[in-house]
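So the chains spell out like this:
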Amino acid sequence: MSSTWNKHLSLSIFGESHGPAIGMTLDGLPAGEAVDLDALQSFLDRRAPGAAPWTTPRKEADVPEFLSGLKDGKTTGAPITAIIRNQNVRSGDYDTLRDTPRPGHADYTAHVKYGGLADMSGGGHFSGRLTAPLCIAGGICLQILARQGITISSHIAALDGVANPSFDEMVQLITAALADGDSIGGVIECTALGLPAGLGDPMFDGMENRISSLVFGIPAVKGIAFGAGFEAANMRGSVHNDAFYFEEETIQTRTNHHGGILGGITTGMPLVFRAAIKPTPSIAKPQETVNLRTNAPASIEIQGRHDPCIVPRALPCMEAAAAIAICDAMKGA
């Protein structure tokens, strides 16, 4: 399995959901960059499981152990490798599913590609658990960008079809799905502020390409749109085009339908994108599948510990993906 993103920075993510540990290696950062481990831990805690009653009951501390690349709180210039040891694993929850692929999961495709040898307990290497090491790398990049005046934030733009839900509304939607043995998805909007104009390249190395390639590494992401996104198809050019003007020694646009990117290159306006998150495929309702040994029809009811909605926990993952892509673009600028 190849789980390496390689541009000016190189990021490799390894491990399996119920294996001894998961981790990452981030190569290409210069020496001397300060890393506040307490701030990094606070960022990781936003993604960690078991933090709220509507998330999976699996509890993991998600405390990274740095094996290389950091000394006395600063990067050394060597590849940064960190692991998170899995503690609260229950692989037995998946024994009855080895021959019956779960709808919506990678069980079937992994079975075909790896001949049934992949460890799919808890989703294995395909699990959302692997976003924890993504957040280690992204959390470090966020700190580097913050020192350059660049901030990245995200919020839930929609949940189960409800636009911009309040916190109480979000809890009600998730708990209602859980009570019904079901799950829900949503849309996350992510914004990067303070970017200079000129980052990125045309064609295949545009900022949309770089960010998208990392965002799609987050399990459950099914779509991404920048600026006006698909709504641009319903606009006329006279509406969608963002007029330029000069103010405070910079060229800006009066609107931001382009989402801060033109021709793959940043304009200096806020970089804005939205990602669609599918409902968690592990649900308690009976589902139809096939027995892989006999090809006979089968029915499964998934047990174990699962989130009825992963959207809230995906927020830091989205910020991490954007931070890595932007850090990479700034290194190559």
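Quick look at unusual backbone geometry now. For Asn-164, which is not a glycine, the phi torsion comes out positive at approximately 45°. By the secondary structure assignment, Asn-164 is in the loop between strand 9 (162-163) and helix 4 (167-179). Asn-164 gets classed as exposed once you look at its relative accessible area, which sits at 53%. Notably, Glu-249 is not glycine yet its phi reads approximately 65°, a positive angle. The residue Glu-249 is located in the loop between strand 12 (244-247) and strand 13 (250-253) in this model. Residue Glu-249 is classed as exposed on the basis of its relative accessible area of 69%.

A word on the packing of aromatic side chains. Applying the stated rule across the entire model yields 1 aromatic pair. Look at Phe-226 and Phe-273: their rings are 5.6 Å apart centre to centre, the planes differ by 40°, and that puts the pair in the tilted class. In this pair, Phe-226 is assigned in strand 11 (residues 221-226) and Phe-273 in strand 16 (residues 271-277), connecting sequence segments 47 residues apart. Neither Phe-226 nor Phe-273 differs from the other in exposure class; each is buried.

As a further point, take helix 3 (residues 131-146). For helix 3, built from 16 residues, the straight-helix expectation of 22 Å at 1.5 Å per residue is met to within 8% by its first-to-last C-alpha distance of 21 Å. Counted residue by residue, helix 3 has 15 buried out of 16 residues, so it is predominantly covered.

The next thing to look at is the sheet that holds strand 7 (residues 80-85). An order of 1-2-3-7-4 is seen for the 5 strands of this open sheet, with the pairing classed as antiparallel. The open sheet has two edge strands with one neighbour each: strand 1 (4-6) and strand 4 (65-68). This sheet shows a mean twist of 15° between the axes of neighbouring strands, independent of strand direction. On the sheet, helix 3 packs against strand 2 (10-15), strand 3 (21-27), strand 4 and strand 7 and is oriented at approximately 35° with respect to strand 3.

Bringing the pattern of salt bridges into the picture now. Per the stated rule, a full pass over the model turns up 13 salt bridges. Put simply, Arg-85 and Glu-65 hold a salt bridge, and the shortest N to O gap is 2.8 Å. Of this pair, Arg-85 sits in strand 7 while Glu-65 sits in strand 4, and the two are 20 residues apart along the sequence. Among the residues examined, Arg-85 registers a relative accessible area of 43% and is labelled partly exposed. A salt bridge links Glu-189 to Arg-274, with the shortest nitrogen-to-oxygen separation between them at 3.4 Å. Here the residue Glu-189 occupies a position in strand 10 (residues 186-193), and Arg-274 occupies one in strand 16, the gap between them amounting to 85 residues. Given a relative accessible area of 23%, Arg-274 falls into the partly exposed group. Through salt bridges with shared partners, one network takes in Arg-47, Asp-62 and Arg-129.

Where helix 3 contacts helix 7 (residues 311-332), the two axes come as close as 7 Å, and the packing angle between them is 55°. Classified by the interaxial angle, the pair formed by helix 3 and helix 7 is oblique. Our pair here, helix 3 against helix 7, has a crossing hand that is left-handed. For the pair helix 3 and helix 7, the contacting residues are Thr-131, Leu-134, Cys-135, Ala-137, Gly-138, Cys-141, Leu-142, Ile-144 and Leu-145 in the first and Pro-316, Cys-317, Glu-319, Ala-320, Ala-323, Ile-324, Ile-326, Cys-327 and Met-330 in the second. Tallied by class, residues from the contact of helix 3 with helix 7 come to 15 nonpolar, 2 polar and 1 charged.

Here we take up the sheet that holds strand 10. The strand order 9-8-10-16-11 describes an open sheet built from 5 strands, whose pairing is antiparallel. A single partner strand is all that each edge strand has here, and the edge strands are strand 9 and strand 11. Of the strand pairs in this sheet, strand 8 (residues 151-159) and strand 10 are connected by 8 bridges, and their pairing is antiparallel. Within strand 10, the position partnered with Ser-154 by the bridge is Cys-190. Packing of helix 4 onto the sheet brings it into contact with strand 8 and strand 9, and relative to strand 8 it is tilted by some 55°.

Here the focus is the state of the cysteines. One pass over the full model with this rule turns up 0 disulfides. Free cysteine: Cys-309, not disulfide-bonded; nearest cysteine sulfur from Cys-317 at 13 Å. Classification of Cys-309 by relative accessible area gives buried; the value is 2%. In this model Cys-317 remains outside any disulfide bridge; the closest cysteine sulfur is found in Cys-135, 3.9 Å from its own.

About the criteria used
- Residues numbered from 1 in each chain as written.
- Predicted model: local features only at pLDDT ≥ 70, side-chain atom pairs only at ≥ 80, totals over all residues.
- Heavy atoms only, no water.
- Helix = DSSP H or I, 4+ residues; strand = E, 2+ residues; numbered from the N terminus.
- Buried < 20%, exposed > 50% of the residue type's maximum accessible area, 1.4 Å probe, protein only.
- Phe/Tyr/Trp six-rings, centres within 6.5 Å; stacked < 30°, edge-to-face > 60°.
- Expected span 1.5 Å × (residues − 1).
- Pairing = 2+ DSSP bridges.
- Axes fitted to C-alpha atoms, helices over the stretch in contact; angles between N-to-C directions.
- Contact = heavy atoms within 4.5 Å.
- Salt bridge = Lys/Arg side-chain N within 4 Å of Asp/Glu carboxyl O.
- Parallel < 35°, antiparallel > 145°, perpendicular 65-115°, else oblique.
- Left-handed = near helix turned anticlockwise from the far one by under 90°.
- Nonpolar A, V, L, I, M, F, W, Y, C, P; charged D, E, K, R; others polar.
- Disulfide = S-S within 2.5 Å.

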